[in-house]
Amino acid sequence: MKSLTPAAYGTWESPLKSSTLTSRRVQMSGLRIDSFDTYWIEHRLHEEGRHVLLRRRSDGITGEVLPLTPEDQLMDVATNVNEYGGRAYAVSEGVIVANQITDGRVYKFDLNDPMRSLIPLTPGFTSRYGDFEIDLARGLVYAVEESHSDAVSNRLVAIPLDGSGARNPEEIKEIYSAADFMAAPALSPDGLGLAWITWEHPHMPWTQSALHVGRLDVGGQLKEHLVLVDSENVCVYEPRWSTGGDLIHIDDTSGWANFYRTEGFDFLNDRFCAPEKRLKTRLLHPSPKAFSNPHWRLGLHTYDNFSGNEIICSWTVAGSKRLGVMNLENGQLEEADTSWQPIGNVTCQDGRVVFLASSPSDSMSVVQIYKGQTQVLRGSADWMMDDRDISYAQPMTWRTTDGKAAYGYFYPPKNSRYIPLQGELPPVIVNVHAGPTSAAKTGLSWEVQFWTNRGFAYFDVDFRGSTGHGKVYREELTGNWGKMDSQDVIEGLEYLASRGLIDPDRAVVRGFSSGAFTAINTIWQSQVFKAASAVSGFWDLEGLKSRTSKFESYLVEHLLGKDPNTVIECSPISHASALNAPILIFQGTEPGLSTLEETERFTNLLEEGGSEYQLEIIEGENHSMDSAKSVEKIFNTELIFFRKHLGISK
């Protein structure tokens, strides 16, 4: 047996390099299946961030499915609708519709055509498209369109599959535009009905949204429609039809994102939406479970039809991801016996269940369950960590000073080759997730293991406002952003210290985007952190309000309220001379939610106030900071910076 090396926490050597994060794996999304073919998007940082559409055939052969564009470009299948994008392709019976981000066009590719080639369906760069739903019977694809020709406008449209819309944009027909935003078009099994969701300013789709159902004519135009759900402070998620023609949707009327089933649709009736039709909507499985997530991106797909009377669904309970089957008649839910946690789309067809998943010891993978057998169809990495080196998430709950519960996940240091020095407690890196309504993830994360494998503890905080803990928990942050989130981070660290899990005198905090905003606020509101790292942060909330897209143009007001004094008080730039720890700032040169101009204004004030900082400007990078060079630079620089300010010598 190999002896362990005694070494101080934070000094351990690890085979998990920053380059491993970018060169040895891909990011996966957009999973869909078409009969026995499986499709997904791979975001490849080592190919300059290209989004590649892959297909795994029934014979197990996997490869890129789309050819070069007519202009000899590699397809980059992504969309920037609402700036955050999401569903950028659809497939039905071998017909693929995909959005090419680099030329702004939608293309069709028919695998059934022996002479197949990419056929443009829209003109280039006139509008953005996404959230596709193919209607082969009518030769159309329904889509969300976002126009930037004048003021930004959104509508639901039908695009001809014959390519006529590329030659004449007038052939792209409007379905619905009487709302600020549209999403999630879903065609009924008989092809006669269409469901979709809308929301209006000043709301976000997860604060209040509406569910629409319409009857289509033979040409795919809307003949009439009704609004099935439209209640104050109620959010609707993921409308989808059962195989029998009932409409399934998720909403948070109960305080949790739970399933509802609506029966009684008759699209052959000329008055399908008349009151006498008496549609019946009922709650399927009332429980403190979140069966969907906030619609930051298009194309959420957390459940699918398994049979005429069952759906396969995923949910979050107590921050943990689960998979199971729900009976549509009585709402009975049975959890699947699997260690895989669904972290992306869930799809079903012909008895196959395929989902994007991770586990505490496995990175993101395309996983299939078929005839009782579980199989990994595709992993996201070509390198595996030794199980003995993996640190597993430990759920934490603590009581805040205002008497509420807050949540997080603690990862102790772990490296099979080292033993810590006697009596030493580990330094801790506290992470603040981006997106105030996002959440920490508990599956295997190389980013987390990068730190724990080097002898740092890691603490991922699900501050109030995070999703997965119920509507009340998520809405606690409303009007309290910049204070409650940082309070939860500070008190979470104090809770770990009270349990003797970390060295309270050796703590640092890090965050990206809105997480950077919260991280920096913690170091003027407390003295518990020895350093902070901020990637693509924003420092002046008034400036942020002027830069947000149409999609989130009211989000700052929603989270902070309308009092201009609050905006000033919660902006880090107002406290540049009061920071209690040195900060490391990463900023790209391309404009976005964060800007180099604002960052330089902030660092000038830091310098004037005598605050210690280190600014790393990355040329050509945008707000997302997801290029290989950026990721590697961030982790390498953070490691040096944190060791320096925690007094860790190599």
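Everything below is about the structure printed above this text.
Residues numbered from 1 in each chain as written. Predicted model: local features only at pLDDT ≥ 70, side-chain atom pairs only at ≥ 80, totals over all residues. Heavy atoms only, no water.

Caption draft 1: Just the overall build of the protein chain, in detail. In terms of regular secondary structure, the protein chain is built from 11 helices and 38 strands. The C-alpha radius of gyration of the protein chain comes to 25 Å, within 12% of the 26 Å expected for a compact globule of 650 residues. Once local pairs closer than 6 in sequence are excluded, the contacts in the protein chain between residues at least 24 apart make up 60%. With an accessible surface of roughly 25,300 Å², the protein chain has 48% of that area assigned to carbon and sulfur atoms. (Helix = DSSP H or I, 4+ residues; strand = E, 2+ residues; numbered from the N terminus. Rg over C-alpha atoms; globule rule 2.2 N^0.38 Å. Contact = heavy atoms within 4.5 Å. Areas by Shrake-Rupley, 256 points an atom, 1.4 Å probe, with all protein chains shown as cover.)

Caption draft 2: Region of the structure containing the pattern of salt bridges. Enumeration according to the criterion identifies 34 salt bridges in this entry. Note that Arg215 is salt-bridged to Glu224, the shortest N-O span being 3.2 Å. Judged by relative accessible area, Glu224 falls into the buried class, the value being 18%. Salt bridges here are not isolated pairs; linked through shared partners, they connect Glu42, Arg44, Glu47, Arg50, Glu64 and Arg378. (Salt bridge = Lys/Arg side-chain N within 4 Å of Asp/Glu carboxyl O. Buried < 20%, exposed > 50% of the residue type's maximum accessible area, 1.4 Å probe, protein only.)

Caption draft 3: Region of interest: the layout of surface pockets. Empty space within the second largest pocket amounts to approximately 1,200 Å³. Forming the boundary of the second largest pocket are 44 residues, of which Val91, Ser92, Glu133, Leu187 and Asp304 lie nearest the centre. Elements with a minimum of two residues in the lining of the second largest pocket: strand E2 (27–34), strand E6 (89–92), strand E10 (127–135), strand E14 (181–187), strand E18 (236–241), strand E22 (303–307) and strand E26 (341–349). Considering each element in turn, the lining of the second largest pocket owes the most residues, 5 residues, to E10. Its residues placed into classes, the lining of the second largest pocket shows 18 nonpolar, 13 polar and 13 charged. (1 Å grid on protein atoms, 1.4 Å probe; cavity = no way out; pocket = protein on both sides within 12 Å on 5 of 7 lines; lining within 4 Å. Points joined across faces, edges and corners; volume = space filled by probe spheres on them. Nonpolar A, V, L, I, M, F, W, Y, C, P; charged D, E, K, R; others polar.)

Caption draft 4: Looking closely at the sheet that holds strand E5 (residues 62–64). Strand order in the open sheet made by the 4 strands is E2-E3-E4-E5, with antiparallel pairing throughout. On the outer flanks of this sheet lie E2 and E5, each paired with one strand and no other. Geometrically, the sheet is characterised by an average inter-axis angle of 25° between neighbouring strands, direction not taken into account. Examined bridge by bridge, strand E3 (residues 37–44) and strand E4 (residues 50–56) share 7 bridges and lie antiparallel to one another. Across the sheet, residue Thr38 finds its bridge partner in E4, namely Arg56. (Pairing = 2+ DSSP bridges. Axes fitted to C-alpha atoms, helices over the stretch in contact; angles between N-to-C directions.)

Caption draft 5: Geometry of the environment of Pro239. Mapping Pro239 onto the fold places it in strand E18. A relative accessible area of 3% places Pro239 in the buried class. With 12 residues separating them along the chain, Pro239 and Asp251 place their C-alpha atoms 9.6 Å apart. Apart from residues lying up to four places away in sequence, Pro239 is in contact with Ala184, Ala186, Ala195, Trp196, Ile197, Leu211, Leu247, Ile248, His249 and Tyr303.

Caption draft 6: Quick peek at the side chain of Arg128. Note that Arg128 resides in strand E10. For Arg128, the side chain forms a polar contact with the side chain of Glu83, separated by 2.9 Å. Residues in contact with Arg128, not counting those within four places in the same chain, are Asn80, Val81, Glu83, Val144, Glu145, Glu146 and His148. (Polar contact = N/O pair within 3.5 Å; in protein donor to acceptor, adjacent residues only side chain to side chain.)

Caption draft 7: Structural detail: the nonpolar core. Counting residues in hydrophobic clusters, the biggest one holds 102 residues, and the most contacted among them are Phe259, Trp481, Phe529 and Phe602. Excluding residues that lie within four positions of it along the chain, Phe259 makes contacts with Ile248, His249, Ile250, Arg282, Leu283, Leu284, His285, Phe291, Tyr303, Ile311, Cys313 and Met326. Counting residues in each nonpolar core, the second largest holds 32 residues, with Ala440, Leu444, Ile634 and Leu639 among its members. (Core = buried A, V, L, I, M, F, W, Y, C linked by side-chain atoms within 4.5 Å.)

Caption draft 8: Representation of unusual backbone geometry in the model. The residue after His201, namely Pro202, is reached through a cis peptide bond having omega 10°. Residue placement: Pro202 occurs in the loop between strand E15 (193–199) and strand E16 (210–216). In this structure, Lys371 takes a positive phi of about 55° despite not being glycine.

Caption draft 9: Structural context of helix H10 (residues 596–609). The terminal C-alpha atoms of H10, which comprises 14 residues, lie 20 Å apart, in line with the 20 Å expected from a rise of 1.5 Å per residue. When we look at burial in H10, the residues that qualify are Glu598, Thr599, Phe602, Thr603 and Leu606. With its buried residues spanning 135° around the axis, H10 presents them on a single face. Turned more than 90 degrees away from the buried face of H10, the exposed residues are Glu597, Glu607 and Glu608. Following H10 by one or two positions, Gly610 adopts a phi angle in the positive range, close to 80°. (Expected span 1.5 Å × (residues − 1). Arc of directions from axis to C-beta.)

Caption draft 10: Geometry of the environment of Ser14. Turning to its location among the elements, Ser14 is positioned in the loop between strand E1 (5–6) and helix H1 (18–23). Residue Ser14 is classed as buried on the basis of its relative accessible area of 3%. Distance from Ser14 to Leu493, taken between C-alpha atoms, is 25 Å for residues 479 residues apart in sequence. Apart from residues lying up to four places away in sequence, Ser14 is in contact with Arg417, Asn453 and Arg454. A polar atom in the side chain of Ser14 sits 3.0 Å from the backbone nitrogen of Leu16. A distance of 2.5 Å separates polar atoms of two side chains, one belonging to Ser14 and the other to Asn453.

Caption draft 11: The side chain of Ser513, seen in detail. Turning to its location among the elements, Ser513 is positioned in the loop between strand E35 (507–512) and helix H6 (514–525). When its relative accessible area of 9% is taken as the criterion, Ser513 is described as buried. Residues contacting Ser513, with those up to four places away along its chain left out, are Ala434, Val535, Ser536, Gly537, Phe538 and His623.

Caption draft 12: Fine view of the packing of aromatic side chains. Summed over all chains, the structure comprises 33 aromatic pairs. The interplanar angle of 35° and the centroid separation of 4.6 Å between the aromatic rings of Trp206 and Trp296 together place this pair among those described as tilted. Of the two residues, Trp206 sits in the loop between E15 and E16 while Trp296 sits in the loop between strand E21 (280–283) and E22, which places them 90 residues apart along the sequence. Of the two residues, Trp206 and Trp296, neither departs from the other in class, the shared state being buried. A ring pair is formed by Phe259 and Tyr303, whose centres lie 4.8 Å apart and whose planes are at 90°; its orientation type is edge-to-face. With Phe259 in strand E20 (residues 258–263) and Tyr303 in strand E22, this residue pair connects regions lying 44 residues apart in the sequence. (Phe/Tyr/Trp six-rings, centres within 6.5 Å; stacked < 30°, edge-to-face > 60°.)

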